[in-house]
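# Close look at the chain arrangement
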Amino acid sequence: MLRVLAVDDEIPALEELLYLLREDPRIEQATGAGDAAAALRDLSRMLVAGERLDAVFLDIRMPGLDGLDFTRLLTGFAAPPDVVFVTAHDDCAVAAYELGALDYLLKPVRPQRLAEAVRRVEEAVHRSSREDGAPEQPAPDEMVPVELGGRTRLVSRRSVTHVEAQGDYVRLHTGEGSYLVRMPLASLARRWEAAGFIRIHRSTLVASAHISELRFDGGRAAVQVGAELLPVSRRHTREVRDLLVRRFRHVESSDARDAEGTESQGRDEDD
């Protein structure tokens, strides 16, 4: 069963598309968004929550972020869904397929033609499952959409040094600034665990790669992350300490192997 998202700034067209999708027995869930920025937020929320999204059915000509730009931004996600364009314009088909679109439908959409697009999505999902043959691995990086003065900006996970919980929101801290995003810290911690993010406090998540020092003062621990000193709760102190010890040993082992290789090369040259 497929889970899809429909995106169109024209409400009647969006409602009609959602109706047709929900009538298809292969569709488990079909949700809608009124513009591409809202769709980005929905997609980010779903991925953080560990929810699956198989395809996005979207218009091309929309105010602000259009369908083609939205598709380009999808490459920043760990597991981007397939894209099916549903548009009244036939002059963007080449650009759409160059971006890897699975299908290109013209409005008004005929139910038979939409059913064919759903079949293609279903085949692509099954093909991907067979090729993987293993649990999906996270991408090297991931992008998080944030709202700034009415504009949507994508923040790279790699640039995030630490995350703080603030009610129903989290604040992502980077070297350039901080950004408020509506999502639970617990879900983000599970999502980013494989990327090296660890809990140091019930309200703080830290990118282990950005930890430069672990300090102890009066029985209390803290980590140095850039210019900030962040407290570590007693509950998480041992985990943080063990992580940094393992990292030190890994670096030490790598340096020893490099030194051994250099020494061996020197002996070969002498011979």
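Now for a look at the structure at hand.

### Thoughts on helix α2 (residues 36-48)
The end-to-end C-alpha distance of α2, which contains 13 residues, comes to 18 Å, matching closely the 18 Å that a straight helix rising 1.5 Å per residue would cover. Burial runs high along α2: 10 of the 13 residues are buried. Among the residues of α2, A36, A37, A38, A39, L40, L43, S44, M46, L47 and V48 are the ones counted as buried. Where α2 is buried, its residues meet β1 (2-7), β2 (27-33), α3 (67-74), β6 (143-148), β7 (151-156) and α6 (185-192). Sitting at the amino-terminal end of α2 is D35, which places a side-chain oxygen 3.1 Å from the backbone nitrogen of A37. Two residues or fewer past α2, G50 is found with a positive phi of approximately 80°.

### Concerning helix α1 (residues 11-23)
The end-to-end C-alpha distance of α1 is 18 Å, a good match for the 18 Å that 13 residues give at a rise of 1.5 Å each. Of all the residues in α1, the buried ones are L14, L17, L18, L20 and L21. The buried residues of α1 occupy an angular sector of 165° when the element is viewed end-on, so they sit on one face. More than 90 degrees from the buried face of α1, the exposed residues found are P12, E15, R22 and E23.

### Focus: unusual backbone geometry
Backbone torsion omega between K107 and P108 reads -5°, so that peptide bond is classified as cis. Its location among the elements puts P108 in the loop between β5 (103-106) and α5 (111-132).

### Thoughts on the sheet that holds strand β4 (residues 82-87)
Taken in spatial order, the five strands of this open sheet run β2-β1-β3-β4-β5, and their pairing is parallel. On the outer flanks of this sheet lie β2 and β5, each paired with one strand and no other. Mean inter-strand twist for the sheet, computed between neighbouring axes without regard to direction, equals 20°. Pairing of β4 with β5, which is carried by four bridges, proceeds in the parallel orientation. Following the sheet pairing, T87 is matched in β5 by L106.

### A few points about the nonpolar core
Of all hydrophobic cores here, the largest spans 25 residues; its most connected members are L5, V7, V56, L58, F70 and F85. Among the elements of the structure, β1, α2, β3 (55-58), α3 and β4 are those that each provide at least two residues to this core. Ranked by residue count, the leading element in this core is α2, at seven residues. With residues up to four places along the chain from it excluded, the contact list for F70 reads A36, A39, L40, V56, L58 and L65. In this structure, I27, A55, L114 and A117 belong to the second largest nonpolar core, which totals 19 residues.

### Some remarks on the packing of aromatic side chains
Under the counting rule described, the total for this entry stands at three aromatic pairs. Ring centres of F85 and Y104 lie 6.3 Å apart, and the angle between their planes is 50°; on these two criteria the pair is classed as tilted. Placement of F85 in strand β4 and of Y104 in strand β5 is noted, with a sequence separation of 19 residues between them. According to the relative accessible area criterion, F85 is buried, its value standing at 0%. On the numbers, 4.8 Å between centres and 50° between planes, the contact of W192 with F197 is tilted. Judged by relative accessible area, W192 falls into the buried class, the value being 1%. A residue is classified by how much of its surface remains accessible, and F197, at 5% relative accessible area, is buried. Within the aromatic cluster, the residues linked to one another by ring pairs are F85, Y97 and Y104.

### Here we look at the sheet that holds strand β13 (residues 211-217)
The three strands lie next to each other as β13-β14-β15, forming an open sheet whose pairing is antiparallel. The outermost strands of the open sheet, each flanked by one partner alone, are β13 and β15 (228-232). Adjacent strand axes in the sheet meet at a mean angle of 30° when their direction is disregarded. Judged from the six bridges that link them, β13 and strand β14 (residues 220-225) form a sheet pairing that is antiparallel. If you follow I211 over to β14, its bridge partner there is V225.

### Some words on the pattern of salt bridges
Taken as a whole and judged by the stated rule, the model has 16 salt bridges. Between E116 and R119 there is a salt bridge; the shortest N-O distance is 2.5 Å. Residue E116 and its partner R119 are both found in helix α5; the two are separated by three residues, about one turn of the helix. Notably, a salt bridge pairs E213 with R215, separated by 3.4 Å at the nearest N-O pair. Exposure remark for E213: the relative accessible area of 36% places this residue in the partly exposed category. The class of R215 is partly exposed, set by a relative accessible area of 36%.

What counts, and at which threshold
Per chain, residue numbering runs from 1 following the sequence as it is written. Two thresholds apply to this predicted model, a pLDDT of at least 70 for residue-level local features and 80 or more for giving and counting side-chain atom pairs, whereas whole-chain, interface and lining totals are computed over all residues. The side-chain figures draw on all heavy atoms in the structure; neither hydrogens nor water molecules are used. Under the scheme used here, helices are H or I runs from DSSP no shorter than 4 residues and strands are E runs no shorter than 2 residues, and both carry numbers assigned from the N terminus. Expected helix span is taken as 1.5 Å per residue step, with the number of steps being one fewer than the number of residues. To sort residues, take the accessible area from a 1.4 Å probe on protein chains only and compare it with the maximum for the residue type: under 20% means buried, over 50% means exposed, and anything in between is partly exposed. Working rule for contacts: check all heavy atoms of both residues, and any pair within 4.5 Å makes them a contact. Throughout this description, a polar contact denotes any pair of N or O atoms lying within 3.5 Å of each other; where both atoms belong to protein, one of them has to be capable of donating a hydrogen while the other can accept it, and for residues adjacent in sequence the pair is counted only when both atoms sit in side chains. To obtain the arc, one takes the directions from the helix axis to the C-beta atoms. Following DSSP output, two strands are said to pair if at least two bridges run between them. Interaxial angle, 0 to 180 degrees, is taken between N-to-C directions of lines fitted to C-alpha atoms, where a helix line uses only the stretch in contact. Among buried residues, those of type Ala, Val, Leu, Ile, Met, Phe, Trp, Tyr and Cys that are joined through side-chain atoms within 4.5 Å constitute a nonpolar core. Stacked, tilted and edge-to-face are the three classes applied to pairs of Phe, Tyr and Trp rings, where Trp contributes its six-membered ring and a pair requires centres within 6.5 Å; stacked means planes under 30 degrees apart, edge-to-face means over 60, and tilted covers the rest. In the sections that follow, a salt bridge refers to a side-chain nitrogen of Lys or Arg positioned within 4 Å of a carboxyl oxygen of Asp or Glu.

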